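Chains, contacts and geometry: an overview
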Amino acid sequence: MEHAAATRDIAQPCLTASYGPDAAQAGDLYLPAQPHPAVVCLLHGGFWRMPYGREQMHAVAQDLVARGFAVWNLGYRRIGAPTGGWPNTGDDVLRGIEYLSSLAGKGIALDLDRIALVGHSAGGQLALWAAAQELNGIRVRAVAGEAPVSDLHAAYQLGLGRCSAQELLGATPDAQPKRYAAASPLHCLPLRIPQLVVHAIDDQAVPIDMSRAYAAAARAAGDAITLRELSDSDHMAFIDPASSAHAVVREWLSTALGVSEP
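Residues numbered from 1 in each chain as written. Predicted model: local features only at pLDDT ≥ 70, side-chain atom pairs only at ≥ 80, totals over all residues. Heavy atoms only, no water.

A separate point is the packing of aromatic side chains. Tallied over the full model, the rule gives four aromatic pairs. Considering the side-chain rings of F47 and W48, the 6.3 Å spacing of their centres and the 65 degrees angle between planes classify their relative orientation as edge-to-face. By relative accessible area, W48 is classed as buried at 1%. Centroid distance W72 to Y99: 6.2 Å. Interplanar angle 20 degrees. Geometry classified as stacked. One end of the pair, W72, is in strand β5 (residues 70–74); the other, Y99, is in helix α2 (residues 88–105), with 27 residues separating them in the sequence. Residue classification places W72 among the buried residues on the basis of a relative accessible area of 0%. (Phe/Tyr/Trp six-rings, centres within 6.5 Å; stacked < 30°, edge-to-face > 60°. Buried < 20%, exposed > 50% of the residue type's maximum accessible area, 1.4 Å probe, protein only. Helix = DSSP H or I, 4+ residues; strand = E, 2+ residues; numbered from the N terminus.)

What follows is the structure, given as structure tokens:
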């Protein structure tokens, strides 16, 4: 189901589209004035829980579309909903990304050869994980994790997000070690595409050591990865388009996707 937004203002979604029957299985598409634009798919955080949704990334989407990117701000089923949790949450992300090819098939001119995934916190886990999966009709060119939860076993051990990893996966690592490994970006390496991981040194929600360990493992696996450690930031800065954290990601996306600001 699709419907046009009430306004065609470039700072607002031009289209909200559903890729499944659940209300959470939907995304907002933002289109710039430039023809055939590169696409950034945004994945919000919130430790995979209700009520946090794609509205968290609305301001970032507004900023990116004004700078020449098409933006697909993607929602997914979360913990707290009857059908939320793994594997449905991950499946939603894959189906939602694949829906970009359906949008292009409906006459919306997107450059599907230039797609990047960007995820914040729990959305960072989803972005990095999705970049390692086989997607029908879609090839992801680059991926960025903003303070990503890249190791679900470590997230469980640390009790991050009030034990959200156990809620997401429905078990402890001892009970389901393969499930934890399959869902952890750390165990999906190499991704074989350029990666950016950005993390505040003093992050109080997800420790920077997790990103340091992930970046080291990615390099050891042969991946091209950039780790940016921010001394003037915090965990939530990434959803503020005026922050230095977002500026790092935006500039990297411009290079990775070959987008010049209008």
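Moving on, we get to the pairing of strand β8 (residues 195–200). Counting buried positions along β8 yields six of six residues, so the element is predominantly enclosed. A two-sided burial pattern is seen for β8, the buried positions comprising Q195, V197 and H199 on one face and L196, V198 and A200 on the other. Pairing of strand β7 (residues 142–146) with β8, which is carried by four bridges, proceeds in the parallel orientation. Among the inter-strand pairings, A144 is bridged to a residue of β8, identified as L196. Strand direction decides the pairing type here: β8 and strand β9 (residues 225–230), joined by six bridges, are parallel. The residue of β9 that forms the bridge with V198 is R228. (Pairing = 2+ DSSP bridges.)

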